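Here are the chains, one letter per residue:
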Amino acid sequence: MNKFLSRRSFILILIMPLLKFIFKPNKVLASSSASQEDWNLPKEAWKERLTPETYYILREEGTERAFSSSLNEEKRKGVFHCAGCDLPLFSSDTKFDSGTGWPSFWDSLKGSVGTKVDFKLIVPRTEYHCSRCGGHQGHVFNDGPLPTGKRYCNNGLALRFVPD
Ligand SMILES: [Zn+2]
C-alpha cells in the first residue's frame, strides 16, 4: 500500500508541470500588494514602466530561464536594486555562485524583502518580494552557504546592478 502511494506521488510530481500547463491554474500573487501606498500602482502603470519579460517576473511571479541572466557572471562590487522600484535589495558581498543558473545571495539587505509560502510546485516554497513595491524576486531556500545557510535564488531581470 505504502509502496503504491509513494509511486503514485512520484508520478504526480513528474506530470505536475504538464498538468500545470494544461489547466493553467489561477496564480497566487504575492506581488499584487505593495507595502507602501506610492508603489501600489495599477497594472497598466506597471506595464508602462516594465518590459513584458520583467512585468511577467515582477508582477506575475514568473521565472526567467536558467543561465539567461548576465548578472550570473557579475562579480564587481556593488548593490543589486529592485528592477521595479529601485530599492536596494542585495549587496555584492553576499553574492555567491550557486551553480543553479540564477543570481544567488546568502543574505538580503535588512528589511528589503518580504516572504510568503507558495505551493506552485506542490512542495511549499518560500517566495520573496521587494518590501517596497511588492515585486516578485525569487525563492529562498535553506541550502545556502554560511553564515546564514540561506540561498536567495533571484531572477536576474528583477534586479538592476549598480556598481560601486
Ligand atoms: Zn521594488
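Bear in mind that the values here come from a model prediction, so they are computed numbers and not experimental data.

Another point: the overall build of the protein. For the protein, the count of helices and strands is three helices and nine strands. Looking at the protein alone, contacts between residues at least 24 apart form 62% of all its contacts between residues at least 6 apart.

Read from one edge to the other, the open sheet built from three strands follows the order S2-S1-S9, with strand pairing classed as antiparallel. Pairing within the sheet leaves two strands with one partner each, and these edge strands are strand S2 (88-91) and strand S9 (159-163). When strand polarity is set aside, the average angle formed by the axes of neighbouring strands in this sheet is 30 degrees.

Our focus in this paragraph is the sheet that holds strand S7 (residues 136-141). Taking strand neighbours across the sheet as the criterion, the six strands line up as S3-S4-S8-S7-S6-S5 in an open arrangement whose pairing is antiparallel. Single-partner strands in this sheet number two, and they are strand S3 (95-96) and strand S5 (113-121). The pairing of S5 with strand S6 (residues 123-130) spans seven bridges and is antiparallel. Pairing of Thr115 across the sheet is with Tyr128, part of S6.

Attention now moves to helix H3 (residues 52-60). Three- or four-residue spacings in an α-helix give side chains the same orientation, since the helix completes a turn every 3.6 residues. When H3 is considered as a whole, its buried residues turn out to be Thr54, Ile57, Leu58 and Arg59. Angular distribution of buried residues about the axis of H3 spans 165 degrees; they occupy a single face of the element. Contacts made by the buried residues of H3 are with helix H2 (43-49) and S7. Following H3 by one or two positions, Glu61 has its phi on the positive side, about 55 degrees.

For the protein, per-residue confidence averages 87 on the pLDDT scale, and residues scoring 70 or more make up 77% of the total. With pLDDT under 50 throughout, residues 24-28 is counted as low confidence; its partners more than four residues away or in other chains account for four contacts.

Turning our eyes to something else, we now look at the nonpolar core. Ranked by size, the top nonpolar core spans 20 residues in total, and within it Cys82, Ala83, Leu89, Cys130, Tyr152, Ala158 and Leu159 carry the most contacts. At the level of elements, H3, strand S1 (78-82), S2, S6 and strand S8 (151-154) are the ones that each hand at least two residues to this core. Among all residues touching Leu89, those that are not within four sequence positions of it are Phe80, His81, Cys82, Ser108, Leu109, Ser112, Val113, Cys130, Gln137 and Leu159.

This paragraph deals with the environment of Ala158. By the element assignment, Ala158 lies in the loop between S8 and S9. When near neighbours in sequence (up to four residues on either side) are disregarded, Ala158 contacts Ile57, Leu58, Cys82, Ala83, Gly135, His136 and Gln137.

The rules behind these values
Residues numbered from 1 in each chain as written. Predicted model: local features only at pLDDT ≥ 70, side-chain atom pairs only at ≥ 80, totals over all residues. Helix = DSSP H or I, 4+ residues; strand = E, 2+ residues; numbered from the N terminus. Contact = placed C-beta atoms within 7 Å. Pairing = 2+ DSSP bridges. Axes fitted to C-alpha atoms, helices over the stretch in contact; angles between N-to-C directions. Buried ≥ 20, exposed ≤ 12 C-beta atoms within 10 Å, placed from the backbone. Arc of directions from axis to C-beta. pLDDT = per-residue confidence, 0-100. Core = buried A, V, L, I, M, F, W, Y, C linked by C-beta atoms within 7 Å.

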